[in-house]
Amino acid sequence: MRGGWGSRSGPVSLSYIDIAAPEVIGERQYQSRETYTVRPRDNILKNLESIYRESYDRARQEGQEPRMVDLENAYMRDQLMLEILLDIRDLFSVAPAAPNASSSALEKLEAIRRLARFK
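Every value quoted in this text rests on a predicted model; they were computed, and no experiment measured them.

## Here we look at the overall build of the protein chain
Step number 1: When its secondary structure is counted, the protein chain shows 3 helices and 2 strands.
Step number 2: When the elements of the protein chain are put in sequence order from the N terminus, they spell out β-β-α-α-α.
Step number 3: Burial status across the protein chain gives 18% buried among its 119 residues.
Step number 4: Sequence separation of 24 or more characterises 54% of the internal contacts of the protein chain that already satisfy a separation of 6 or more.
Step number 5: Carbon and sulfur atoms provide 56% of the accessible area of the protein chain, an area that totals close to 9,600 Å².

Laid out in structure tokens, this is it:
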């Protein structure tokens, strides 16, 4: 099959993201920590591959060449979109190198707007 369905093997470890959300109680500010389990990239891509693989194998057994081509193209498209989304997830999971405590939420939004305008 064309389209890059290679076998990936090996153990995959789970990653965790700590999200610190400040809560204001009275006049004090407390940091609450919530830990979210993030599904590993390889597991997500393997699940996508298995879904398409089953449909592709079924179409091959039934001799549906056009369906096989459609599935292959759909797999490559979905794989690309999913990898982009996973890259975005990975970007947001990285803590900033040097947080600026003096910048307000409006200043941060303005910085994001400027970044988005350049792309």
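Back to the text.
## Here we look at the pattern of salt bridges
Step number 1: In this structure the tally under the stated criterion is 6 salt bridges.
Step number 2: Taking the shortest distance from any N to any O, the salt bridge between Arg41 and Asp90 comes out at 2.7 Å. Taken together, the residues span a long stretch of sequence, with Arg41 in helix H1 (residues 41–61) and Asp90 in helix H2 (residues 65–93) at a distance of 49 residues.
Step number 3: Judged by relative accessible area, Arg41 falls into the partly exposed class, the value being 25%.
Step number 4: Residue Asp90 is classed as partly exposed on the basis of its relative accessible area of 30%.
Step number 5: Between Arg113 and Glu110 there is a salt bridge, and its shortest N-O distance comes to 2.4 Å. Taken together, the residues Arg113 and Glu110, both in helix H3 (residues 105–118) and 3 residues apart, mark about one turn of the helix.
Step number 6: Looking at Arg113, the relative accessible area reads 42%, which means it is partly exposed.

## Focus on the packing of aromatic side chains
Step number 1: The tally for this structure, following the rule as stated, stands at 1 aromatic pair.
Step number 2: Plain terms: the ring middles of Tyr52 and Tyr75 are 5.6 Å apart, the flat faces sit at 70° to each other, and that makes the pair edge-to-face. Of the two residues, Tyr52 sits in helix H1 while Tyr75 sits in helix H2, which places them 23 residues apart along the sequence.
Step number 3: A relative accessible area of 13% places Tyr52 in the buried class.
Step number 4: Using a relative accessible area of 1% as the deciding quantity, one classes Tyr75 as buried.

## What to know about the confidence of the model for the protein chain
Step number 1: Predicted confidence across the protein chain gives a mean pLDDT of 74, with 61% of residues reaching 70 or more.
Step number 2: Taking the mean pLDDT of every element in the protein chain, the minimum, 47, falls on strand S1 (residues 15–25) and the maximum, 95, on H1.
Step number 3: Low pLDDT (under 50) marks residues 1–21, which in the prediction has 52 contacts with non-local residues, meaning those over four places away or in another chain.

## Topic: the packing of H1 against H2
Step number 1: Relative orientation of the contacting elements H1 and H2 amounts to 175°, with a least axis distance of 10 Å. Comparing their axes, H2 and H1 come out roughly antiparallel.

Rules used throughout
- Residues numbered from 1 in each chain as written.
- Predicted model: local features only at pLDDT ≥ 70, side-chain atom pairs only at ≥ 80, totals over all residues.
- Heavy atoms only, no water.
- Helix = DSSP H or I, 4+ residues; strand = E, 2+ residues; numbered from the N terminus.
- Buried < 20%, exposed > 50% of the residue type's maximum accessible area, 1.4 Å probe, protein only.
- Contact = heavy atoms within 4.5 Å.
- Areas by Shrake-Rupley, 256 points an atom, 1.4 Å probe, with all protein chains shown as cover.
- Salt bridge = Lys/Arg side-chain N within 4 Å of Asp/Glu carboxyl O.
- Phe/Tyr/Trp six-rings, centres within 6.5 Å; stacked < 30°, edge-to-face > 60°.
- pLDDT = per-residue confidence, 0-100.
- Axes fitted to C-alpha atoms, helices over the stretch in contact; angles between N-to-C directions.
- Parallel < 35°, antiparallel > 145°, perpendicular 65-115°, else oblique.

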